[in-house]
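Here is how the chains run, residue by residue.
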Amino acid sequence: MKKHLLIIFLISITTILSAQEQKKYYLGGHLSYGKSSYSSSRLEYLSEKNYKSKDYFSIAFDYAYRTSKVSEFCIGLTATLYRLNFMSTRYMSGYSNSSNYDDSFGIFSVPICIKYHFGKYLYAKGGISLNYHPYKGYTWGLGGLAGLGAEYTLKSGISLSISPQVQLNMLGLATNNTSSSFDEKLTQIGVNIGIGYRF
């Protein structure tokens, strides 16, 4: 009887371990919402542009590959829409003229990051983002991201997560055959809510 119990126990442990080992892959997506702000170290000749902080919304598709028990490599595709308040001031012949209106800015990103799991449900992540934003005279840019989060995976493989995250995007300028620069930045601080499947 003890032999049979031992065999059943070993088979159960092997099945559990093998099931855990097979769940190396993750496919899913997340929605994100938060505050955004714009900063610039560039001053245009006879014109000052000033963006005020508003908010952003993004939708993303994610893929992850578990490289060890506690870490995984992640890559994705993200579309983000920033809502900003734009003030433009023009200085001409001793007087200035200002106009104020709402504006928006879109970025398509490929985030590449490492996620480190600790505790039972918690993780930290950090990485870079390759950005494409063909609006208002911009083309390519770079970003950096970092966040802490919690993830819970059901027995079925369905995974739910929530993660406060900060991201800094440096906007590249490449118009009229000029070289790229990164003196304009968009910062976002918000929360990601994700759902995916581990297999």
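Refer to the structure printed above.
Parameters at a glance
Position numbers for residues count from 1 along each chain, tracking the sequence in the order it is written. Side-chain atom pairs in this predicted model are given and counted only at pLDDT of 80 or more, local residue features only at pLDDT of at least 70, and totals for whole chains, interfaces and linings cover all residues. With hydrogens and water set aside, each side-chain value is computed from the structure's full complement of heavy atoms. Helical segments are the DSSP runs of H or I of at least four residues, strand segments are the runs of E of at least two, and each set is numbered from the N terminus. Relative accessibility thresholds used throughout: buried, under 20% of the residue-type maximum; exposed, over 50%; partly exposed, between the two (1.4 Å probe, protein chains only). The criterion used for residue contact is that any of the two residues' heavy atoms lie within 4.5 Å. Under the pairing criterion, centres of Phe, Tyr and Trp rings, with the six-membered ring standing for Trp, must be within 6.5 Å; the plane angle then separates stacked pairs below 30 degrees from edge-to-face pairs above 60, leaving the rest tilted. Placement of a charge over a ring requires the Lys NZ or Arg CZ to be within 6 Å of the ring centre, with the centre-to-atom vector within 35 degrees of the ring normal. Definition of nonpolar core: a set of buried residues of the types Ala, Val, Leu, Ile, Met, Phe, Trp, Tyr and Cys, connected through side-chain atoms within 4.5 Å. Here, a salt bridge means any side-chain nitrogen of Lys or Arg that lies within 4 Å of a carboxyl oxygen of Asp or Glu.

(A) Spatial organisation of the overall build of the protein chain. When helices and strands are tallied, the protein chain shows one helix and eight strands. The order of helices and strands in the protein chain, counted from the N terminus, is α-β-β-β-β-β-β-β-β. Burial status across the protein chain gives 34% buried among its 199 residues. Contacts spanning at least 24 positions in sequence make up 61% of the contacts within the protein chain whose residues lie at least 6 apart.

(B) Here's a closer look at the side chain of Ser161. With respect to the helices and strands, Ser161 occurs in strand 7 (residues 158-173). With residues up to four places along the chain from it excluded, the contact list for Ser161 reads Tyr123, Ala150, Glu151, Asn192, Ile193 and Gly194.

(C) Inspection of the packing of aromatic side chains at higher detail. Tallying each qualifying case throughout the model produces seven aromatic pairs. On the numbers, 5.6 Å between centres and 25° between planes, the contact of Tyr25 with Phe199 is stacked. Of the two residues, Tyr25 sits in strand 1 (residues 25-40) while Phe199 sits in the segment after strand 8 (184-198), which places them 174 residues apart along the sequence. The rings of Tyr25, Tyr65, Tyr197 and Phe199 are connected pair by pair, giving a single aromatic cluster. Taking the ring centre of Tyr123 as reference, the NZ or CZ of Lys115 above it sits at 4.4 Å.

(D) Fine view of the environment of Ala64. Topologically, Ala64 is positioned in strand 2 (residues 47-66). Considering only alpha carbons, one finds Ala64 and Tyr25, 39 residues apart in sequence, at a separation of 5.8 Å. Dropping the residues within four chain positions of it, Ala64 is found in contact with Lys24, Tyr25, Tyr26, Glu72, Phe73 and Cys74.

(E) Structural context of the nonpolar core. In this structure, Tyr38, Tyr56, Tyr82, Leu84, Phe105, Ile107, Tyr138, Leu171 and Leu186 together form the largest nonpolar core, which totals nine residues. When contributions to this core are tallied by element, the ones reaching two or more residues are strand 3 (71-92) and strand 4 (95-118). In this structure Ile107 touches Thr78, Ala79, Thr80, Tyr82, Asn131, Tyr132, His133, Asn169, Leu171 and Leu186, once residues within four positions along its chain are discounted. The next biggest cluster of nonpolar side chains, apart from the first, holds five residues, and it includes Ala64, Cys74, Cys113 and Leu145.

(F) Quick peek at the side chain of Thr78. Among the secondary structure elements, Thr78 is positioned in strand 3. Among residues more than four places away in sequence, those in contact with Thr78 are Ser58, Ile59, Ala60, Ile107, Phe108, Ser109 and Pro111.

(G) Expanded view of the environment of Leu145. Here Leu145 shows up in strand 6 (residues 138-153). Put simply, Leu145 and Leu168 are 23 residues apart on the chain and 6.5 Å apart in space, counted from C-alpha to C-alpha. Those residues in contact with Leu145 that sit more than four places away from it in its chain are Pro111, Cys113, Lys125, Gly126, Gly127, Ile128, Ser129, Gln165, Val166 and Gln167.

(H) Focus on the pattern of salt bridges. Applying the stated criterion across every chain yields a total of five salt bridges. A salt bridge links Asp55 to Arg83; the shortest N-O distance between them is 2.9 Å. Here Asp55 is found in strand 2, whereas its partner Arg83 is found in strand 3, with 28 residues between them in sequence. On the basis of relative accessibility, which here comes to 8%, the residue Asp55 falls in the buried class. A salt bridge links Arg198 to Glu151; the shortest N-O distance between them is 2.9 Å. Separated by 47 residues along the polypeptide, Arg198 in strand 8 and Glu151 in strand 6 bring together distant segments of the chain. With a relative accessible area of 4%, Arg198 lands in the buried category.

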